Amino acid sequence: MGNGNIGRKSSQMEVRTLSPPNNTWWLTFPRETYDTLTDDGVFCETPHYPASRRGHSLSFLNGLVYLFGGYAKSCVCRSHTNASCKVQSFYSNEVWVLNPETNIWKQLQTQQFVTNAAPQGREQHSSTVLSNGRIMVIGGRNDRLILGDIWEMNVGQITSHQVRASQQSHDGLLHIVDGNISYPSLNVNIGRDEIGRIDDSLCVANLYVTLHLHHNCVEQLGFIALYGPDSTPTTSRSSAFTEYETKMYIGKSSQNTKCTFFNSTVVFRDRENYLEGLDSYKTFSDGFSGGTFYSAEDLGHRFKGSLVNGKWTLAVYDNFLDGNSGTIYDWSIHFDVDYCTEEVTWVKISPNSNTCDEGYVNEGKFELNCPDKLKQHFPSKETPTKLFTPRYSHTSVAIGNNIYIFGGLAHGTVMEAWRFDYNSKLLKELNTDLKRKIKYGRVSSLTPYGLILFGGIDEDPSDSDSLDGNVYLYDVMKEEISLIDTDEIISIGGKGPKSRYLGGACFIDRKHLFFKTKEGVNSAEVRGMIEPALLLFGGDMGLPYDNFLGDQWLLTIQRIHSNFEHMSSIQREACVDLLQSDAKKYQFELTCGYLADVYSKKPCRWEDIVRMSWCHEQYNSFLSPI
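Remember, it's a predicted structure, so these values are computed and weren't measured experimentally.

*Asks:* It is not clear to me how the overall build of the protein chain should be interpreted in this structure. Could you clarify?
*Replies:* Check the secondary structure of the protein chain and you find 7 helices and 43 strands. Taken across its 626 residues, the protein chain has 49% of its residues classed as buried. Put simply, of all contacts in the protein chain between residues at least 6 apart along the chain, 70% involve residues at least 24 apart.

And the structure:
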């Protein structure tokens, strides 16, 4: 510095102010592919996505969205004539699954080997994902029939299993035959039933192979290959192994190659299935050494979707008969397993519970249709438990494997709170101070940011102004509700979703989103822009008549997410105290837990249940309690 403290002129700089993050509605569409019912003309097209409906449920599990039920409207053909096709309303018991990464819907079929294998169609039920991965459906309505039954929906989920040779033999050790092919094998028996039969409904979703290999001259290994249960090798000639095996390693050796002693563990995986830590993965151009390798041939291409149970065989080829032998000390296959077919399995829980399956209104009175043995058994001196009566439009919130049920409708408003215990299958009534809802049919989704609410209608609607099209955020710690402003709308005509009630919604985390709008916005561009989002499908905007919707929207809440790190730290601090304080845990047990009942001094509030569920990070969707 000099010249009167005047310094040199600084370089020119350009300063930009970043645009604030937006909350954006995206209008998304399933891919429009259709089946036609006749060859001579299209008269009743059936799209490969759910029909317009209301009162359905959306559940997010293992990266997929599951839609169940609803009061739907669709084109129905009773015979192959034009005159027989018309748009009809029906109570659906369909199960649809949406893959958010492809934006493709598929309808799941119900496994048919069980009598009464599926619940009857319904709307305004609850659908709750438990921590064990099961989806529990409770109650609902089918026209004048009010339901109180409980069903467990098993949509299948990927489970991981490791099968090791040393678990099937004394030590798993196998000597590699010098100058020949060795065939160590594993018998895979995942999911045997109670009488020992092998489950033939399980297929490979992914796999990788690990082996602890010793060889005096590792360069002499010609190949290492894997055979599944449908391709057991029957020859010892290396030239014959060209069609059914998958080669994980292919050597490039000659008899004059310098020998390297090898004794280490090697893992073979596919490239596309394991994207993390790519720098630590090797190809065989790096030379054979311990570590993780890309399989020379794609394991997933050969085995994905094939039956997992049966005999799996490893083929290890030693090129030369020269006295340089080797040993496999142990080897294993790690399987990710799922059901082979896209089916859903239902288990009816209510026969083992204290719930009355159905009721109906008869001449102005609500009558229960319960088995006599159930009425006699509950309550009793041995089991002082009341009957859980049929209801719809209730709120169900999960904490672990328990479900808390608040309110609902039957023949009037039901002002009750119940806790369903998955282990005992029993429901227990709790003391509550439940208040009447502000809006009927308002859907809500628990998210890391709080409880997001959308839509709803006045309890006694008079006109379209009774419908609500706003989005709200309920702060689960402060118990305050605020309006979420929408900054941008990506849709035809720039209009957002119509006001509605009894829509379906669920929260989807960012890594599972890959949507495309009908306007043709590039999917990769959309994916790069969006944050975790709320998926909205369907609903009813009718007044005075039913007017079902089948539109699909995505609300990206970037402005809320931009402050997520700060919010998540607040959540962690608040929840650590709530979940670990002995005094607070005991207080919860007294009001809402195993020590609570309808005679407890303090009520079990839905606010406390939602807060506890939020702390357990069980982000379910349910009809809003407010």
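*Asks:* Where do I start with helix 7 (residues 606-615) in this structure?
*Replies:* Each α-helix turn comprises 3.6 residues. Residues three or four places apart therefore point the same way. With 9 of 10 residues buried, helix 7 lies mostly within the body of the structure. Listing the buried residues of helix 7 in full gives Trp-606, Glu-607, Ile-609, Val-610, Arg-611, Met-612, Ser-613, Trp-614 and Cys-615. At the exit of helix 7 stands Glu-617, carrying a positive phi of roughly 60 degrees.

*Asks:* I keep staring at the pattern of salt bridges and nothing clicks. Help me out?
*Replies:* Oppositely charged side chains may form a pair once their charged atoms are brought near each other. Per the stated rule, a full pass over the model turns up 19 salt bridges. For Asp-468, the salt bridge goes to Arg-442, with nearest N and O atoms at 3.1 Å. With a gap of 26 residues between them, Asp-468 in the loop between strand 36 (450-454) and strand 37 (471-475) and Arg-442 in the loop between strand 34 (427-430) and strand 35 (443-447) connect regions that are remote in the sequence. Considered together, Asp-468 and Arg-442 belong to a single accessibility category, that of buried residues.

*Asks:* I keep staring at the sheet that holds strand 43 (residues 621-623) and nothing clicks. Help me out?
*Replies:* Strand pairing within a sheet occurs via backbone hydrogen bonds; the two strands may be parallel or antiparallel. With antiparallel pairing, 5 strands are arranged side by side in an open sheet as 38-37-36-35-43. Both edges of this open sheet fall to strand 38 (480-484) and strand 43, since each of them pairs with a single strand only. Direction aside, neighbouring strands of the sheet carry axes that sit 25 degrees apart on average. The pairing of strand 35 with strand 36 spans 5 bridges and is antiparallel. Bridge pairing in strand 36 links Val-443 to Phe-454.

*Asks:* Please clarify how the state of the cysteines should be interpreted in this entry.
*Replies:* A disulfide bridge is the covalent bond that connects two cysteines by way of their sulfur atoms. For the coordinates displayed, the defined rule picks out 5 disulfides. The partner cysteine of Cys-217 in its disulfide is Cys-259, sulfur to sulfur 2.1 Å. The chirality of the disulfide connecting Cys-217 with Cys-259 is left-handed, given an S-S dihedral of about -80 degrees. With Cys-217 in the loop between strand 18 (202-215) and strand 19 (221-227) and Cys-259 in the loop between strand 20 (246-250) and strand 21 (262-269), the pair connects residues that are 42 residues apart, well separated along the chain. Classification of Cys-217 as buried rests on a relative accessible area of 0%. Look at Cys-259 and you get partly exposed, because its relative accessible area is 35%.

*Asks:* When you look at the confidence of the model for the protein chain in this model, what are you seeing that I'm missing?
*Replies:* Low pLDDT marks regions whose predicted coordinates should not be analysed in detail. Predicted confidence across the protein chain gives a mean pLDDT of 79, with 73% of residues reaching 70 or more. Per-residue pLDDT stays below 50 along residues 237-243; that stretch engages in 13 contacts with residues further than four places along the chain or on separate chains. Contacts of residues 516-529 to residues separated by more than four positions or lying in other chains number 31 contacts, the stretch itself having pLDDT below 50.

*Asks:* Hey, could you run me through unusual backbone geometry in this one?
*Replies:* The general pattern is negative phi for most residues beyond glycine and trans for most peptide bonds. Within the chain, Asn-62 stands out as a residue other than glycine whose phi angle is a positive 55 degrees. With respect to the element layout, Asn-62 can be found in the loop between strand 5 (57-61) and strand 6 (64-68). Judged by its relative accessible area of 49%, Asn-62 falls in the partly exposed class. A positive phi angle is found at Leu-502, which is not glycine, with a value near 55 degrees. Relative to the assigned elements, Leu-502 resides in the loop between strand 39 (488-490) and strand 40 (504-508).

Conventions adopted
- Residues numbered from 1 in each chain as written.
- Predicted model: local features only at pLDDT ≥ 70, side-chain atom pairs only at ≥ 80, totals over all residues.
- Heavy atoms only, no water.
- Helix = DSSP H or I, 4+ residues; strand = E, 2+ residues; numbered from the N terminus.
- Buried < 20%, exposed > 50% of the residue type's maximum accessible area, 1.4 Å probe, protein only.
- Contact = heavy atoms within 4.5 Å.
- Salt bridge = Lys/Arg side-chain N within 4 Å of Asp/Glu carboxyl O.
- Pairing = 2+ DSSP bridges.
- Axes fitted to C-alpha atoms, helices over the stretch in contact; angles between N-to-C directions.
- Disulfide = S-S within 2.5 Å.
- pLDDT = per-residue confidence, 0-100.

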